[in-house]
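Commentary on secondary and tertiary structure
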Amino acid sequence: MDSEAGVQGNSGGSADTTPSTSGTSGQGKTGQRTKKASLKRKSNVPTGAKAKKRKKAKINRPARLGYTVQEGEDMLLVISQSSQYDNIAWRPKKKGSRKKKHTKGKAKAIQNKAKKTVRAKPKPPNNPLNVVEATPHHPGGRMDHRWGLSLPEEVLVNIFQMVVIQDGAVPFLCRMARVCHLWNAAASSPALWRRVSVGYCWIEPGKTQLPKTEMKIKDTLHWLAQNRFSQLRDFSLCHWKKNVDYAVEVVSQSCPHLRSLKLSYCTGVTEKTFQSLGVNSRSLESINVQYSEFQAECLVAFLETHGSQIRQILFTHGPRNDRLLAAISRGCCPDLELLEINTKLDSGYCQLPICIQGLHSGCPKLKTFRMLNVIPIHKVMRNGADSTTGFPLLEELCMATTSGSFMTDKDLRDILFGSTKLRVLDLRGCVRITPFGLAALPCVELECLFWGQYFNKMTLTSPKKGLHMLTEKWSGTLHELDISNHQFSEEDLQMAMSYLAQATNADSLRSLNLSGTKITPPALRLVIGQSTALSYLNLSSCRYLPRGLKRVYRGQEDIRQLLDHLD
């Protein structure tokens with residue numbers, strides 16, 4: 001009873017406007033309790049009414065601009081300040097707010113209760129002015145995406161042919177065949193599968209190919225050979241580490257018209273590969289095994305038996321590949337037209353003993369002879385008379401190297417003494433060749449001469465006289481001339497450019513590389529003013545030219561503007 005009286009006394013005192021101690025009389029024996037006077041002013045609020053919260057006054061702030069305007073000397077810069085977070089307002093977290101934890105049963109009950117309300121899509125207004133009439137390309141006023149089904153198959157084949165020329169048949173045609181029946185028929189055209197290059201599936205380093213994946217690769221290659229390679233001409237395998245023998249065997253059995261085989265960065269090429277080529281590929285003319293590991297003895301055995309049908313051979317120089325070059329020099333390939341020998345990029349200084357006299361007699365029909373980054377060491381035949389014909393059909397000779405070659409004028413004359421039809425001569429890096437030795441060559445219609453020096457060790461030994469003899473001899477036929485980093489004198493360059501300018505055929509010269517030479521503005525003005533077809537001009541590092549002009553010029557318009565600056 002005492003506690004109830006106390007509660008009633010406290011509730012009654014709260015209704016007065018001034019502090020009161022009348023509530024203490026109801027406490028009885030509990031004693032008097034002093035109550036501190038409230039410092040807040042109380043309004044006349046009826047008993048039992050809830051106090052209302054005061055609303056905060058709204059502050060009207062100006063709208064934030066999405067840009068900033070800055071004034072320059074002659075313009076106004078408008079800089080946008082909008083970002084993806086501008087429309088997101090930050091709100092502080094409520095005090096004491098905690099996420100409610102629902103049990104699994106309650107969560108399922110809540111999900112069942114919360115059902116999404118599907119709203120009906122608003123119908124477009126009936127506007128007769130925006131009605132699109134139905135056409136074959138726009139049925140019902142919408143875009144028809146089935147245009148590929150109405151194209152003739154011949155048109156699709158021509159479109160696919162353009163892509164195949166640029167990107168290859170695989171995997172483009174395999175993907176197009178999965179679009180529809182029409183595209184499948186177009187992609188199955190044998191004319192599109194004449195050149196195929198197949199790269200090996202990527203394997204994570206340190207892991208081996210799974211047996212199922214390997215079997216799937218074999219089945220896919222076998223199906224392509226049976227259903228797509230009926231008119232295959234050129235076939236390439238790239239980065240195959242295994243199953244090269246199987247791939248070559250399947251292709252050679254199913255492709256009677258195979259003419260070219262390229263094995264690039266492949267390993268595991270054994271005798272079985274060349275045996276299947278000899279039995280099945282009677283039309284094979286080109287073999288490219290550059291950067292691949294193969295058994296040289298097996299390829300030599302194939303050339304000794306079927307070398308009469310081979311027209312092109314390309315291989316990388318290695319410790320055991322000297323036998324291959326020796327077999328070619330013995331005449332295993334009498335109709336050989338292209339011979340290319342290169343080295344790996346990390347092989348460094350590489351020398352190759354070669355018997356030029358043996359190549360003259362063994363390959364009389366040779367048209368292209370390339371030795372890239374290989375320094376030839378001439379050998380003399382012990383038995384046999386000297387060749388008197390040379391390479392009468394040779395059109396291109398490349399002896400380019402980046403490390404410096406010791407080929408002399410005599411060595412070059414021994415190779416080209418009978419080559420009157422030579423068109424391209426690449427001697428980049430051959431610092432011991434002189435203009436006098438080049439002028440003595442029997443070719444009279446040379447079109448491309450690449451004689452630049454692209455290293456610093458032996459550049460100082462470059463000759464300084466006689467360039468005018470070369471431009472005088474081939475001024476009417478030269479299309480491209482590269483004499484970069486040759487230290488010819490200003491007078492010699494002036495005379496050489498004058499011969500090019502006086503050529504009867506002024507439209508023949510198209511590319512001129514004078515980088516690092518002592519060319520002067522008067523000499524440059526002579527050749528540019530007369531060579532109307534010139535589209536490439538390299539003047540970088542030319543110290544005798546004014547600043548701003550020492551760069552590479554591409555296009556006739558760019559070169560014409562250079563001529564205006566020289567005037």
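Throughout this document, residue positions are counted from 1 along each chain, in the order its sequence is written. Local features in this predicted model are restricted to residues of pLDDT 70 or higher, and side-chain atom pairs are both shown and tallied only at a pLDDT of 80 or more, whereas totals for entire chains, interfaces and linings draw on every residue. With hydrogens and water excluded, all non-hydrogen atoms of the structure serve as input to the side-chain values.

Attention now moves to the overall build of the chain. Secondary structure counts use DSSP, requiring at least four H or I residues in a row for a helix and at least two E residues in a row for a strand, with both numbered from the N terminus. Within the chain one finds 17 helices and 18 strands. Think of it in three bands: residues with accessible area under 20% of the maximum for their type are buried, residues over 50% are exposed, and the middle band is partly exposed, with areas taken using a 1.4 Å probe on protein chains only. Counting only residues that meet the buried cut, the chain has 38% of its 567 residues in that class. Pairs at least 24 residues apart make up 72% of the contacts formed inside the chain by residues separated by at least 6 positions. Accessible surface for the chain amounts to roughly 37,300 Å². Of this, 52% is attributable to carbon and sulfur atoms. Should any heavy atoms of two residues lie within 4.5 Å, those residues are considered in contact. Note on areas: these come from Shrake-Rupley sampling with a 1.4 Å probe, and a residue is covered only by the protein chains present in the view.

A helix is expected to span 1.5 Å multiplied by its residue count minus one. With 17 residues, helix α6 (residues 211–227) extends 24 Å between its outermost C-alpha atoms, agreeing within 8% with the 24 Å of an ideal straight helix rising 1.5 Å per residue. All of the buried residues in α6 are Glu-214, Ile-217, Leu-221, Leu-224 and Ala-225. Summarising the axial view, the buried residues of α6 lie within an arc of 100°, below the 170-degree limit, and thus occupy one face. Among the exposed residues of α6, those pointing more than 90 degrees away from its buried face are Pro-211, Lys-212, Lys-216 and Gln-226. Comment: arc refers to directions from the helix axis out to C-beta atoms.

Another aspect to go through is empty space enclosed by the protein. Think of a 1 Å grid over the protein atoms and nothing else: a 1.4 Å probe that fits but is trapped marks a cavity, an open set flanked by protein within 12 Å on at least five of seven lines marks a pocket, and residues with an atom within 4 Å of a point count as lining. Grid points are joined across faces, edges and corners, and a volume is the space filled by probe spheres set on the points. Scanning the model with the defined rule gives two cavities of 30 Å³ or more in all. Taken together, Asp-409, Arg-413, Gly-437, Ala-440 and Leu-441 make up the full set of residues lining the second largest cavity. Split by residue class, the lining of the second largest cavity holds two nonpolar, one polar and two charged. Ten residues, namely Ala, Val, Leu, Ile, Met, Phe, Trp, Tyr, Cys and Pro, are considered nonpolar, four, namely Asp, Glu, Lys and Arg, are considered charged, and the remaining ones, Gly among them, are considered polar.

So, on to the pairing of strand β3 (residues 195–199). Along β3, the buried face is formed by Val-196 and Val-198; none of Arg-195, Ser-197 and Gly-199, which line the opposite face, is buried. Criterion used throughout: strands pair if DSSP finds at least two bridges between them. In the sheet, β3 pairs with strand β4 (residues 234–238) via five bridges, with the strands oriented parallel. Looking across to β4, one finds that Arg-195 is bridged to Asp-234.

One side-chain nitrogen of Lys or Arg within 4 Å of one carboxyl oxygen of Asp or Glu is enough to make a salt bridge. Across all of its chains, the model carries 14 salt bridges by this definition. A salt bridge links Glu-249 to Lys-272, with the nearest nitrogen and oxygen atoms 3.6 Å apart. Taken together, the positions of Glu-249 in helix α7 (residues 244–254) and Lys-272 in helix α8 (residues 271–280) put the pair 23 residues apart, joining distant regions of the chain. For Glu-249, a relative accessible area of 23% puts it in the partly exposed group. A salt bridge links Arg-330 to Glu-304; the shortest N-O distance between them is 3.4 Å. You can see Arg-330 sitting in the loop between α10 (322–329) and β8 (338–342) and its partner Glu-304 sitting in helix α9 (residues 296–306), a full 26 residues away along the chain. Grouping residues by exposure puts Arg-330 and Glu-304 together as exposed.

All right, on to the packing of aromatic side chains then. Stacked, tilted and edge-to-face are the three classes applied to pairs of Phe, Tyr and Trp rings, where Trp contributes its six-membered ring and a pair requires centres within 6.5 Å; stacked means planes under 30 degrees apart, edge-to-face means over 60, and tilted covers the rest. In this structure the tally under the stated criterion is eight aromatic pairs. Here the aromatic rings of Phe-160 and Phe-172 are separated by 5.6 Å at their centres, their planes lie at 85°, and the arrangement is edge-to-face. Pair noted here: Phe-160 is in helix α3 (residues 153–167) and Phe-172 is in helix α4 (residues 172–176), with a separation of twelve residues, a long-range link. Given a relative accessible area of 3%, Phe-160 falls into the buried group. With a centroid separation of 5.0 Å and 5° between ring planes, the pair formed by Tyr-265 and Tyr-291 is classed as stacked.

This next bit is on the confidence of the model for the chain. Summarising the model, the chain shows a mean pLDDT of 77, and 68% of its residues fall at 70 or more. Contacts for the low-pLDDT stretch residues 82–90, under 50 throughout, to residues beyond four places or in other chains number three contacts. The pLDDT value expresses, per residue, how confident the predictor is, ranging between 0 and 100.

Its place among the elements puts Asn-342 in strand β8. On the accessibility criterion, Asn-342 (5% relative accessible area) is buried. Here a polar contact means two N or O atoms within 3.5 Å. Within protein one must be a hydrogen donor candidate and the other an acceptor candidate, and residues neighboring in sequence count only if both atoms are side-chain atoms. A polar atom in the side chain of Asn-342 sits 3.1 Å from the side chain of Tyr-291. Asn-342 has contacts with Gln-290, Tyr-291, Phe-315, Thr-316, His-317, Leu-372 and Val-374, leaving out every residue within four places of it along the chain.

A few words on the packing of α6 against α7. How two helices sit against one another is set out by the angle between their axes and by the gap between those axes. Simply put, an axis is a line fit to the C-alpha atoms, just over the touching stretch for a helix, and the angle between two N-to-C directions goes from 0 to 180 degrees. With their axes 9 Å apart at the nearest point, α6 and α7 run at an angle of 15° to one another. Here α6 is positioned roughly parallel relative to α7, judged by the angle of their axes. With respect to the hand of their crossing, α6 and α7 are arranged in right-handed fashion. The residues of α7 that touch α6, namely those facing Lys-218, Leu-221, His-222, Ala-225 and Gln-226, are Tyr-246, Ala-247, Val-250 and Ser-254. Across the contact of α6 with α7, the residue classes tally to five nonpolar, three polar and one charged. For classification purposes, angles smaller than 35 degrees are called roughly parallel, those larger than 145 roughly antiparallel, those between 65 and 115 roughly perpendicular, and all remaining angles oblique. By definition, turning the near helix anticlockwise from the far helix through less than a right angle yields a left-handed crossing, and turning it clockwise yields a right-handed one.

It is the contact of helix α14 (residues 467–474) with helix α15 (residues 490–501), at a shortest axis distance of 8 Å, that shows an interaxial angle of 5°. When the axis of α14 is compared with that of α15, the two are roughly parallel. For the pair formed by α14 and α15, the contact residues are Leu-467, His-468, Thr-471 and Glu-472 on the first element and Asp-492, Leu-493, Met-495, Ala-496, Tyr-499 and Leu-500 on the second. Classifying every residue of the contact of α14 with α15 gives six nonpolar, two polar and two charged.

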